[in-house]
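What follows is the residue order along each chain.
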Amino acid sequence: MTLKASLVQKIGNAIKEVTRNKGSTWWYTPHMAAASRAIAERIPLVDILLEVRDARIPLSSTCELIKHLSPSSRRIIILNKTDLSNHTQLKEWLKYFEQQKCLVFGVNSHNKDNIKELLNFLQARVRELPKISYGDQTITLMLVGIPNVGKSALANSLHQIGRISAAEKGRLKHALVSPHPGETKNISGLKIASHPSIYVLDTPGVFPAEILDAEVCCNLALTGAIRDCLVGEVELAEYFLSIFNLSDEYKKWAKLSLSGADDCSELERRHKRQYLTDHTQDFIVNKVRRTLFEAVSSFNGNLQDEEIMSQLIKAEFAVLHNAFNLPPDSDDYVRKVAGKLLNLYHTGRLGHYTLDLAPSNITKEVIL
């Protein structure tokens, strides 16, 4: 068994145990159950359904609540966070969905040009609706999906760009955006276009009452859809490194190890001393990248072997201790390294990864 497979089993079992606890305050709470019912009741009433998925996990982030619905012009899959995914895999996924006759659009909700393209795409779909008129008619689109796929950020961006395009004045409304899953509590509407008026409904993220697939659990946890406290940061960081060490991402940093990164001006040295423990600073991120490159490229051994991969990850934690400028005698340094490492992964600063590989022989019923 590989280390990745072993971690999948360990992390998956931990999450599945939580899902089986019907009194859990972290999983399928009464609030989420009520939200699921409210969304289900609203679905027949909206004009277009936008299922938002995480582009890093297009399969694992499927919204079970609408999985039974057939592909149609009234249902669009939005692959969000494309800036964090592997670009080659993203193209494969988009191609796959199109082959399955699904309307699909890949988007980075923080890229204005990308949002403009999405808005134009949605307005074109609205014009295709039967009996559409340009009078006082109001069109509603509803965002649905699991927690933390970026529904609220997407709603805000569409609202902002749509408001500017329509030259509408007045106080700008916002949906609550948080890096933590489960922050959106109610269904709220934001206007994104005029003539006809188009509103997008932002909804709370919802999970099914139970998830049985261990790898899906791991992918949801690593991408932030499930809170770290359900699994543990150290285990998640190990899971990430088990993926990273077998990827080609570290090879992109080869020149960093030869670049003389420590040669800098006095002003830059003062800046580094001031932000010595801020792992988000570019000079520390580059140090982390260089450290990981040297650790992997100099390691000899079969990384498919669980024990050998464990040895490499243990060595990486040790050298990252120094790369993150943690004190030599820092207590619980493994947990601190894990937290900083996961933060850099979540923000895309340690490469681009798609955890669900584009399928070649998965049936339509499974994927949709």
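Residues numbered from 1 in each chain as written. Predicted model: local features only at pLDDT ≥ 70, side-chain atom pairs only at ≥ 80, totals over all residues. Heavy atoms only, no water.

Looking up the protein in an unreviewed UniProt entry gives the name CP-type G domain-containing protein, with the organism given as Datura stramonium.

Colleague: Which residues make up the overall build of the protein, and what values go with them?
Modeller: Counting its regular elements, the protein contains 12 helices and six strands. Going through the 368 residues of the protein one by one, you find that 49% of them count as buried. At a minimum sequence separation of 6, the contacts of the protein that also span at least 24 residues come to 74%. Counting every atom, the protein has about 18000 Å² of accessible surface; 50% of that belongs to carbon and sulfur. (Helix = DSSP H or I, 4+ residues; strand = E, 2+ residues; numbered from the N terminus. Buried < 20%, exposed > 50% of the residue type's maximum accessible area, 1.4 Å probe, protein only. Contact = heavy atoms within 4.5 Å. Areas by Shrake-Rupley, 256 points an atom, 1.4 Å probe, with all protein chains shown as cover.)

Colleague: Describe the sheet that holds strand β6 (residues 197-202), naming the residues involved and giving the relevant values.
Modeller: The mixed open sheet is built from six strands, whose spatial order is β3-β2-β1-β4-β6-β5. Because the sheet does not close on itself, it has two edges, and the strands there are β3 (103-107) and β5 (188-193). The sheet shows a mean angle of 25° between the axes of neighbouring strands, taken without regard to direction. Where β5 and β6 come together, five bridges link them in antiparallel fashion. Directly across from Ser188, in β6, lies its bridge partner Asp202. (Pairing = 2+ DSSP bridges. Axes fitted to C-alpha atoms, helices over the stretch in contact; angles between N-to-C directions.)

Colleague: Which residues make up the packing of aromatic side chains, and what values go with them?
Modeller: Within the structure shown, the criterion is met by 11 aromatic pairs. Residues Phe240 and Phe244 carry aromatic rings whose centres are separated by 5.9 Å and whose planes lie at 35° to one another, so their mutual orientation is tilted. Separated by four residues within a single helix, Phe240 and Phe244 lie in helix α7 (residues 233-244), roughly one turn from each other. Each member of the pair, Phe240 as well as Phe244, carries the same accessibility label: buried. One Lys or Arg, Arg125, reaches over the ring of Phe121 and ends 4.7 Å from the middle of that ring. (Phe/Tyr/Trp six-rings, centres within 6.5 Å; stacked < 30°, edge-to-face > 60°. Lys NZ or Arg CZ within 6 Å of the ring centre and 35° of its normal.)

Colleague: Quick rundown of helix α9 (residues 282-297)? Include the residues and the values.
Modeller: Helix length check: α9 (16 residues) gives 22 Å between terminal C-alpha atoms against 22 Å at 1.5 Å per residue, within 8%. Considered for burial, the residues of α9 that qualify are Phe283, Ile284, Val285, Val288, Arg290, Thr291, Leu292, Phe293, Ala295 and Val296. (Expected span 1.5 Å × (residues − 1).)

Colleague: Kindly report on unusual backbone geometry, identifying the contributing residues and their values.
Modeller: Here the amide bond leading from His195 into Pro196 is cis, since omega sits at 0°, within 30 degrees of zero. Inspection of the secondary structure puts Pro196 in the loop between β5 and β6. Residue Lys81 is not a glycine yet carries a positive backbone phi of 65°. Structurally, Lys81 can be placed in the loop between β2 (75-80) and α3 (87-99). Even without being a glycine, His195 presents a positive backbone phi close to 55°. Mapping His195 onto the fold places it in the loop between β5 and β6.

Colleague: Residue-level account of the packing of α9 against helix α10 (residues 306-323), with values.
Modeller: Closest axis-to-axis distance for the α9/α10 pair is 10 Å, and the angle between their directions is 150°. Between α9 and α10, the crossing angle belongs to the class labelled roughly antiparallel. Considering how the two elements wind past one another, α9 and α10 form a crossing that is right-handed. Where α9 approaches α10, its residues Ile284, Lys287, Val288, Thr291, Leu292, Ala295 and Val296 are matched on the opposing element by Leu312, Glu316, Val319, Leu320, Asn322 and Ala323. Tallied by class, the residues present in the contact of α9 with α10 amount to nine nonpolar, two polar and two charged. (Parallel < 35°, antiparallel > 145°, perpendicular 65-115°, else oblique. Left-handed = near helix turned anticlockwise from the far one by under 90°. Nonpolar A, V, L, I, M, F, W, Y, C, P; charged D, E, K, R; others polar.)

Colleague: Residue-level account of the side chain of Thr291, with values.
Modeller: Here Thr291 shows up in helix α9. With relative accessibility at 16%, the residue Thr291 sits in the buried group. Beyond its immediate sequence surroundings of up to four residues, Thr291 is in contact with Val319, Leu320 and Ala323.

Colleague: Give a description of α10 that names residues and reports values.
Modeller: Across its 18 residues, α10 extends 25 Å between first and last C-alpha, which sits within 8% of the 26 Å expected from 1.5 Å per residue. Those residues of α10 that sit buried are Met309, Leu312, Ile313, Glu316, Phe317, Leu320, His321 and Ala323. Residues of α10 that are buried in the fold lie against α1 (3-20), α7, α9 and α11 (333-346). Residue Asp305 occupies the N-cap position of α10, its side-chain oxygen lying 3.0 Å from the main-chain nitrogen of Glu307. A positive backbone phi angle near 60° is found at Asn325, which sits one or two residues after α10. (Polar contact = N/O pair within 3.5 Å; in protein donor to acceptor, adjacent residues only side chain to side chain.)

Colleague: Could you give an account of the state of the cysteines, with specific residues and numbers?
Modeller: The full count for this structure, using the stated rule, is zero disulfides. Unpaired in this structure, Cys217 has its nearest cysteine sulfur neighbour in Cys218, at a distance of 6.9 Å. For Cys217, a relative accessible area of 0% gives the class buried. The exposure class of Cys218 is buried, given its relative accessible area of 0%. (Disulfide = S-S within 2.5 Å.)

Colleague: Could you give an account of the pairing of β6, naming the residues involved and the relevant values?
Modeller: In terms of burial, β6 is largely enclosed, as five of its six residues are buried. Direction of pairing for strand β4 (residues 138-144) relative to β6: parallel, over a ladder of five bridges. Note that in β6 the partner of Thr138 across the bridge is Ser197. Between the end of β5 and the start of β6, which pair antiparallel, lie three residues, with His195 showing a positive phi angle near 55°.

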